[in-house]
Amino acid sequence: SQTIHQWPATLVQPVGSPLSLECTVEGTSNPNLYWYRQAAGRGLQLLFYSVGIGQISSEVPQNLSASRPQDRQFILSSKKLLLSDSGFYLCAWSTGGKIYGYTFGSGTRLTVV
Amino acid sequence: EDQVTQSPEALRLQEGESSSLNCSYTVSGLRGLFWYRQDPGKGPEFLFTLYSAGEEKEKERLKATLTKKESFLHITAPKPEDSATYLCAVQARSQGNLIFGKGTKLSVKP
């Protein structure tokens, strides 16, 4: 069966520090991968998605970047965090080409101080 | 522009008091509508997918229905463990990514 792993679960980082959040998927190949941010009262905001290794699409220009170095690995990064980067970050995957609901990871609560 | 609006934002029910959550959508050709449940501090958990108007799906105390403009999530005789935020999302034919509503936070009191 397919599983998705996301870590860390909680992170407190100072303003200006770098960020690296990792997501891996098991039990499937060539998944579509997604990074979402969820802020209170604003719902789920799609940040990046990827349909294959090295293929990254950005939905919202901001202080973050994403990379997909391996088929089932998706990384969210920042060189210098801002206070506004605080939020709940979710990774998700779906099977490309079919109408399947996304499967989400457990999320990372990021607090920038 | 593709859009999803959920109402109410919050709903408080007594245990056993049935009710419905609404998801209104505007999309240029619906490919699928999805319902998720999200517990505090956790990722959304998939509940249902609906593809065409008139379709209905059930799971325990939950029943999802779909029309051409909206979907309802009916909760029959809810229990405290049904307390969560329920998210609705649509997938348009023109693009593959899901568009989410802001959710309805449901609280069921014993």
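Residues numbered from 1 in each chain as written. Chains lettered and ligands numbered in written order. Predicted model: local features only at pLDDT ≥ 70, side-chain atom pairs only at ≥ 80, totals over all residues. Heavy atoms only, no water.

Caption draft 1: Representation of the nonpolar core. Tyr25(B), Leu33(B), Trp35(B), Leu73(B) and Tyr86(B) are the most contacted members of the largest nonpolar core, which has 26 residues in total. Among the elements that make up this core, the one with the highest residue count is strand S9 (residues 84-92) of chain B (5 residues). Ignoring sequence-local partners within four residues, the contact set of Tyr86(B) consists of Gln6(B), Leu21(B), Trp35(B), Tyr36(B), Arg37(B), Leu47(B), Leu62(B), Leu73(B), Gly103(B), Thr104(B) and Leu106(B). Core analysis: the second largest hydrophobic core is formed by 20 residues, Ile4(A), Leu81(A), Trp93(A) and Val112(A) among them. (Core = buried A, V, L, I, M, F, W, Y, C linked by side-chain atoms within 4.5 Å. Buried < 20%, exposed > 50% of the residue type's maximum accessible area, 1.4 Å probe, protein only. Helix = DSSP H or I, 4+ residues; strand = E, 2+ residues; numbered from the N terminus. Contact = heavy atoms within 4.5 Å.)

Caption draft 2: Representation of the interface of chain A and chain B within the structure. On the chain B side, the residues contacting the 20 residues of chain A number 20 residues. A buried area of about 1,400 Å², summed over both sides, lies between chain A and chain B, and 56% of it is on carbon and sulfur atoms. Our enumeration of links across chain A and chain B arrives at 0 salt bridges. Between the two partners, chain A and chain B, sit 4 residue pairs in polar contact (both at pLDDT 80 or more). Taken together, the elements giving at least two residues each to the side of chain A that touches chain B come down to strand S4 (32-39), strand S5 (43-52) and strand S9 (87-94) of chain A. A total of 4 residues in the side of chain A that touches chain B trace back to one element, the largest contributor, which is S5(A). Residues that form the side of chain A that touches chain B fall into these classes: 11 nonpolar, 7 polar and 2 charged. (Buried area = accessible area lost by both parts, 1.4 Å probe. Salt bridge = Lys/Arg side-chain N within 4 Å of Asp/Glu carboxyl O. Polar contact = N/O pair within 3.5 Å; in protein donor to acceptor, adjacent residues only side chain to side chain. Nonpolar A, V, L, I, M, F, W, Y, C, P; charged D, E, K, R; others polar.)

Caption draft 3: Spatial organisation of the sheet that holds strand S6 (residues 56-59) of chain B. Residue and element names in this part refer to chain B. Taken together, 5 strands build an open sheet; the order of strands is S1-S3-S8-S7-S6 and the sheet is antiparallel. Strands with a single pairing partner mark the edges of an open sheet, and in this sheet they are strand S1 (3-7) and S6. Strand-to-strand, the axes of this sheet are offset by a mean angle of 15°, without reference to chain direction. Where S6 and strand S7 (residues 62-66) come together, 4 bridges link them in antiparallel fashion. For Glu56, the partnering residue across the bridge sits in S7 and is Thr65. (Pairing = 2+ DSSP bridges. Axes fitted to C-alpha atoms, helices over the stretch in contact; angles between N-to-C directions.)

Caption draft 4: Region of interest: unusual backbone geometry. In the segment running from Trp7(A) into Pro8(A), the intervening peptide bond is cis, with an omega of 0°. The topology assignment puts Pro8(A) in the loop between strand S1 (3-7) and strand S2 (10-13). Between Ser7(B) and Pro8(B) the backbone carries a cis peptide bond, its omega angle lying at -10°. By the element assignment, Pro8(B) lies in the loop between S1 and strand S2 (10-14). Of note in the backbone geometry, Glu60(B) takes a positive phi value of approximately 55° without being a glycine. Positive phi is not limited to glycine here, since Ala77(B) has a value of about 45°. Examined against the element boundaries, Ala77(B) turns out to sit in the loop between strand S8 (70-75) and S9. Accessibility expressed as a relative area gives 36% for Ala77(B), which makes it partly exposed.

Caption draft 5: Layout of the packing of aromatic side chains. Considering all chains together, one arrives at 11 aromatic pairs over all chains under this definition. Arranged with centres 5.6 Å apart and planes meeting at 85°, the rings of Tyr36(A) and Phe100(B) form a pair that is edge-to-face. Taken as a pair, Tyr36(A) in strand S4 and Phe100(B) in strand S10 (residues 98-100) lie in two separate chains rather than in one. This pair shows no difference in class: Tyr36(A) is buried, exactly as Phe100(B) is. Put simply, the rings of Tyr34(A), Tyr36(A), Tyr49(A), Tyr102(A), Phe104(A), Tyr36(B), Phe46(B) and Phe100(B) touch in pairs and so form one group of aromatic residues. (Phe/Tyr/Trp six-rings, centres within 6.5 Å; stacked < 30°, edge-to-face > 60°.)

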